Amino acid sequence: MTAPPVYAPRPVRSLPVWTIGPMRVKPYHIGQSEPAETLRESARVEASRIEVESAAEGGAHDLGFAVLHEGQGGAWLLLDWWAHGDILCQRLSLDGGQGFEAVDARPLVACVWELPVILHERDAWVRHMMREPSSPEGYLSDRLRAGVV
């Protein structure tokens, strides 16, 4: 068994909103510098694969968020969308150098650096979407501030 990594804060930043069919997704990036355009584009292509899955679940204003995390083992992409008004769905993919592939056979969710984004997005959902009236635009503009996680 290998020893767990030693925690050191990592930079996080917001990227421009992605439109995936009818969905709008707030992407974040975790890494030392801005992601290369090729990695960004590869992540957007991978994100387009959730359109059918998100439509099948439905019920949450076609909104979600993504985390593109350049980690030690490759680039991870967490694609999260809201369904049924209060349930978070996720598709996890990994690019180990050959392009993104879904990580379906393993029960992985997120690492310690990705969890602050998920927590912020949960709170943003409650603040803007679980109120009367709901505010999709408020949700989309409520971003985790750039900093470290």
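Our structure's up above, just so we're on the same page.
Residues numbered from 1 in each chain as written. Predicted model: local features only at pLDDT ≥ 70, side-chain atom pairs only at ≥ 80, totals over all residues. Heavy atoms only, no water.

A. Looking closely at helix α1 (residues 37–47). Buried within α1 are the following residues: L39, R40, A43, E46 and A47. Here the buried residues of α1 occupy an arc of 125 degrees about the axis, which is enough to place them on one side. Looking at the buried residues of α1, the elements they touch are β2 (18–20), α2 (50–57), β4 (63–71), β5 (74–83), β6 (87–95) and β7 (100–102). (Buried < 20%, exposed > 50% of the residue type's maximum accessible area, 1.4 Å probe, protein only. Helix = DSSP H or I, 4+ residues; strand = E, 2+ residues; numbered from the N terminus. Arc of directions from axis to C-beta. Contact = heavy atoms within 4.5 Å.)

B. Focus on the layout of surface pockets. Estimates place the volume of the largest pocket at around 330 Å³. Taken together, 17 residues line the largest pocket, and the ones lying closest to its centre are H69, G73, W76, C111 and E114. Looking at the lining of the largest pocket, the elements that each hand over two or more residues are β4, β5 and β6. In the lining of the largest pocket, the residues fall into ten nonpolar, four polar and three charged. (1 Å grid on protein atoms, 1.4 Å probe; cavity = no way out; pocket = protein on both sides within 12 Å on 5 of 7 lines; lining within 4 Å. Points joined across faces, edges and corners; volume = space filled by probe spheres on them. Nonpolar A, V, L, I, M, F, W, Y, C, P; charged D, E, K, R; others polar.)

C. Looking closely at the side chain of H69. You can see H69 is positioned in strand β4. Polar side-chain contacts of H69 include one of 2.9 Å to the side chain of E114. Filtering out sequence-adjacent residues up to four positions away, H69 remains in contact with R10, I30, G74, A75, W76, C111, W113 and E114. (Polar contact = N/O pair within 3.5 Å; in protein donor to acceptor, adjacent residues only side chain to side chain.)

D. Highlighting the packing of aromatic side chains. Taken as a whole and assessed by the stated rule, the structure comprises three aromatic pairs. Ring plane angle 10 degrees and centroid distance 4.6 Å describe the contact between W82 and W125, whose orientation is recorded as stacked. Placement of W82 in strand β5 and of W125 in helix α3 (residues 115–129) is noted, with a sequence separation of 43 residues between them. With a centroid separation of 5.2 Å and 85 degrees between ring planes, the pair formed by W125 and Y139 is classed as edge-to-face. With W125 in helix α3 and Y139 in helix α4 (residues 136–141), this pair connects stretches of sequence that are 14 residues apart. Summarising the burial analysis for this pair, W125 and Y139 share the class buried. The rings of W82, W125 and Y139 are connected pair by pair, giving a single aromatic cluster. It is R10 that lies over the ring of W113; its NZ or CZ is 3.6 Å from the centre. (Phe/Tyr/Trp six-rings, centres within 6.5 Å; stacked < 30°, edge-to-face > 60°. Lys NZ or Arg CZ within 6 Å of the ring centre and 35° of its normal.)

Such coordinate-based values are descriptive only and should not be taken to indicate function.
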